Amino acid sequence: MAAPTKRTLILLVVLVLLAARTAPVSALSRSASTASAPAAALPPLPEWPVIGPLLVRLGIVDEASEPAPVPDPDLPEYRISTLSDLDQLDGIQAGVRVRVTISEADANSIAHDLLVQQVGDGATLWVDFAPNKAEADATADASLIERAGVDLPAIVRGSLRAITTIGASAANCLPSVTIESLKVNGWSIGLRAIAQRMADERIAQVWPSEICIERILLMDDEAAVEGYLVP
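1. Notes on the overall build of the protein
Then comes step 1: Check the secondary structure of the protein and you find five helices and eight strands.
Then comes step 2: Secondary structure elements of the protein occur, N-terminal to C-terminal, as α-α-β-β-α-β-β-α-β-β-α-β-β.
Then comes step 3: Within the protein, the fraction of its 231 residues that count as buried is 25%.
Then comes step 4: Here the analysis covers contacts within the protein between residues at least 6 apart in sequence; of these, 47% occur between residues at least 24 apart.
Then comes step 5: Taken as a whole, the protein presents about 15,100 Å² of accessible surface, with 60% of it coming from carbon and sulfur.

Spelled out as structure tokens, the structure:
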């Protein structure tokens, strides 16, 4: 039996069992009431108690996704399409809250240009923005990463391809990155914790104290930050 057919059969069996278990209770409730009340809407399968997480782990249903964050409509917005667009931020007064937004396509274009300037064809980066997460697919030689000041484990050498999923937020005026998954050349064991520690340390070292980040918004095909320059 093919895997998709088998998973579908398991799902149908589970649903039938659940329906059989709840049917007597439902029938009793209907007989005890003279007026029928509107049926309560069932939540999506991934949100069902006990059985929902099990169905997600089995791969039968997808995990329920959180809604995309909503930008503050009262903030002035600056859209970045090219590196030169960053010049418009020089005129922002300290203490004025703003939002800076970039599309997925523009982020990938800028990343490509920067990598070509810095390392030529030695590295690539592609990013995909989705609600509350970003997925990145990057390639580079290990020597390039080490020259950037990043200490890599001894087993990480040669040409590398990293595929990662991250979440992002802000706390105490600093951006915070949560590495949800990471594979390097198909290897994942132990790497996520190492990368998380490196990201935390790097952000604390290099983030400019004059910029306060209040929110990081990962949305469909674009990302934004909301914050201000510290007076």
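2. Quick notes on helix 5 (residues 191-206)
Then comes step 1: The end-to-end C-alpha distance of helix 5, which contains 16 residues, comes to 22 Å, matching closely the 22 Å that a straight helix rising 1.5 Å per residue would cover.
Then comes step 2: Every buried residue belonging to helix 5 is among L191, A195, Q196 and I203, and all of these are buried. With its buried residues spanning 130° around the axis, helix 5 presents them on a single face. Exposed residues on helix 5 whose side chains face more than 90 degrees from its buried face are A204 and Q205.
Then comes step 3: Buried positions along helix 5 lie against strand 6 (174-184).

The rules behind these values
Residues numbered from 1 in each chain as written. Predicted model: local features only at pLDDT ≥ 70, side-chain atom pairs only at ≥ 80, totals over all residues. Heavy atoms only, no water. Helix = DSSP H or I, 4+ residues; strand = E, 2+ residues; numbered from the N terminus. Buried < 20%, exposed > 50% of the residue type's maximum accessible area, 1.4 Å probe, protein only. Contact = heavy atoms within 4.5 Å. Areas by Shrake-Rupley, 256 points an atom, 1.4 Å probe, with all protein chains shown as cover. Expected span 1.5 Å × (residues − 1). Arc of directions from axis to C-beta.

As far as function goes, none of this settles anything; it's purely spatial.
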